[in-house]
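Breakdown of the fold
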Amino acid sequence: NLSSDYYTKTCPEFEETLVQIVTDKQIAAPTTAVGTLRLFFHDCMVDGCDASILVASTPRKTSERDADINRSLPGDAFDVITRIKTAVELKCPNIVSCSDILVGATRSLISMVGGPRVNVKFGRKDSLVSDMNRVEGKLARPNMTMDHIISIFESSGLTVQEMVALVGAHTIGFSHCKEFASRIFNKSDQNGPVEMNPKYAAELRKLCANYTNDEQMSAFNDVFTPGKFDNMYYKNLKHGYGLLQSDHAIAFDNRTRSLVDLYAEDETAFFDAFAKAMEKVSEKNVKTGKLGEVRRRCDQYNDYKG
Ligand code: HEM
Ligand SMILES: [Ca+2]
Ligand SMILES: [Ca+2]
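Computed from a predicted structure; not experimentally measured. (Residues numbered from 1 in each chain as written. Chains lettered and ligands numbered in written order. Predicted model: local features only at pLDDT ≥ 70, side-chain atom pairs only at ≥ 80, totals over all residues. Heavy atoms only, no water.)

All right, on to the coordination of the calcium ion (ligand 2) then. For a metal bound by four donors in tetrahedral geometry, the ideal donor-metal-donor angle is 109.5 degrees, whereas six donors in octahedral geometry ideally sit at 90 or 180 degrees. Protein coordination at the calcium ion (ligand 2): the donors are Asp 43 (O), Asp 43 (OD), Val 46 (O), Gly 48 (O), Asp 50 (OD) and Ser 52 (OG), at 2.3 to 2.5 Å from the metal. Coordination at the calcium ion (ligand 2) comes from six donor atoms whose angles at the metal span 73 to 154°, giving a geometry best classed as irregular. Summarised as a motif, the one-chain spacing of the donors to the calcium ion (ligand 2) is D-x2-V-x1-G-x1-D-x1-S. With respect to burial, Asp 43 and Asp 50 carry one shared label: buried. (Donors = N, O, S within 2.8 Å, 3.2 Å for Na, K, Ca; no water. Tetrahedral: all angles 85-135°; square planar, octahedral: opposite > 155°, others 65-115°. Buried < 20%, exposed > 50% of the residue type's maximum accessible area, 1.4 Å probe, protein only.)

With that settled, consider the pattern of salt bridges. Across all of its chains, the model carries 17 salt bridges by this definition. Notably, a salt bridge pairs Asp 100 with Arg 124, separated by 2.6 Å at the nearest N-O pair. Here Asp 100 is found in helix α4 (residues 98–112), whereas its partner Arg 124 is found in the loop between α4 and α5 (146–155), with 24 residues between them in sequence. Per residue, the accessibility class of Asp 100 equals that of Arg 124, and both read buried. Between Lys 178 and Glu 179 there is a salt bridge; the shortest N-O distance is 3.2 Å. A relative accessible area of 59% places Lys 178 in the exposed class. Sharing partners across several salt bridges, the network here consists of Lys 25, Asp 76, Asp 79 and Arg 83. (Salt bridge = Lys/Arg side-chain N within 4 Å of Asp/Glu carboxyl O. Helix = DSSP H or I, 4+ residues; strand = E, 2+ residues; numbered from the N terminus.)

Next up on the list: the state of the cysteines. For the coordinates displayed, the defined rule picks out four disulfides. At a sulfur-sulfur separation of 2.2 Å, the disulfide partner of Cys 98 is Cys 298. Judged by the torsion about the S-S bond (-90°), the Cys 98/Cys 298 disulfide is left-handed. Of the two residues, Cys 98 is situated in helix α4 and Cys 298 in the segment after α12 (267–283); the sequence distance between them amounts to 200 residues. Per residue, the accessibility class of Cys 98 equals that of Cys 298, and both read buried. Between Cys 177 and Cys 208 runs a disulfide, and the two sulfur atoms are separated by 2.1 Å. With the S-S dihedral at roughly -75°, the linkage between Cys 177 and Cys 208 falls on the left-handed side. (Disulfide = S-S within 2.5 Å.)

In terms of domain boundaries, the protein breaks down into domain 1 (14–137 + 284–291) and domain 2 (158–276). At the interface, 13 residues of domain 1 touch 12 residues of domain 2. In terms of surface lost to domain 2, no three residues of domain 1 exceed Val 34, Val 113 and Pro 116, which account for 41% of the buried area on that side. Where domain 1 meets domain 2, there are zero salt bridges. Our count for the domain 1 to domain 2 interface comes out at one residue pair in polar contact (both at pLDDT 80 or more). (Domains from an automatic or database assignment. Contact = heavy atoms within 4.5 Å. Buried area = accessible area lost by both parts, 1.4 Å probe. Polar contact = N/O pair within 3.5 Å; in protein donor to acceptor, adjacent residues only side chain to side chain.)

Here is the structure:
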C-alpha cells in the first residue's frame, strides 16, 4: 500500500517543505543527521516504522522514548520532526503521518551528509501503542556476542548481509564513553586477531578519563571522517579503529568478515547495499489503513485527553 507518490495529490507541498526544514536544521545543528538516522532505526526495529518512538510518556505509561537504550537519542532529531510536522499541518492538516516524516527526513539527511540516495515510499500510519517494554530484545547492544546480534537482526527479518550494510551508519555520529569503556579500560573483550590500535585506545582513555562524572563525554564512531557518510567505517575496522566492541567484531567474524572487506574496498557496493537495506527496514511491518492513525501531534495519540 506504500507508494512514492502517496501525497502528490493530498499534500503536494510535503516533500518541498520537508527538504527545506531538514536543510535549515542540519546547517544550524550538524548533529541532526546522525541523531535522526539513529531515531529512524530505533523506531523501525520496534513494531516497524510507525513513530512509536515519538510518543511522550504520561504519568500512566512510560513510552518507548524513555526506554534506557533510547535515552541518548538527541533532542535535535525529535525537534526536526516536530518542525516538519508543524509546517506540514499548516498546509495540509491531518494528512501526513509522523512516521512518513521521520522516514523522509532520514532519507534527505543521509544524502545531505554524502550518503546514497534512498528511494522511500509513503503511506504509513502512526502507531496507537508506545510501550517501553516493547523495546527490550529488539535492538542490539555493543557488548553482545555476534550470535546474539545476528539473531536480533534475523528476528526482524534482516539478513547478516543487511546487518553489515546497515551498521555502516556508524560512519557518522558519536558514542558515549560508557558504551565502549570496558574495551579501553580493561582489555576483557578483545576478540579479533587485530586489537584496537594502541594509540587510538590511549587517546580514548584520555578522552574518557572522567566519564563516570561527565556522562556527556563521547567519541566519534568513525575517527577519520566523522561527519561524512562514506565507507571509511569499514576501512577503520580492519586496522583496529572500530570504536564499539560490536563494530570491531564484525570485521573478524567468519560470517561478516568478507562483507566488511567488500564494503571497505568498494564504496559503491556499500552504498547500494545500504540503500536497499534501508528501504527494506523502512517498509517492513508498517501499519496502513485502520491499523494506525495520522497523529495530529507526533508526541500524542489523537484521543489523548491530558
Ligand atoms: C550491531 C548493531 C548496532 C549496535 C550494537 C549499535 C550501537 C550503538 C551505540 C551504543 C551507539 C552510541 C549511542 C550513544 O552513546 O549515544 C550508536 C550510535 C549510532 N548508531 Fe548504532 N548500533 C547498531 C546498529 C546501527 C544501525 C543499523 C544504525 C542505522 C541504520 C545505527 C545508527 C547509529 C547512529 C547514526 C549513531 C550515532 C548517533 C549520534 O551520534 O547521535 N546503528 N549505535
Ligand atoms: Ca516503531
Ligand atoms: Ca565517515
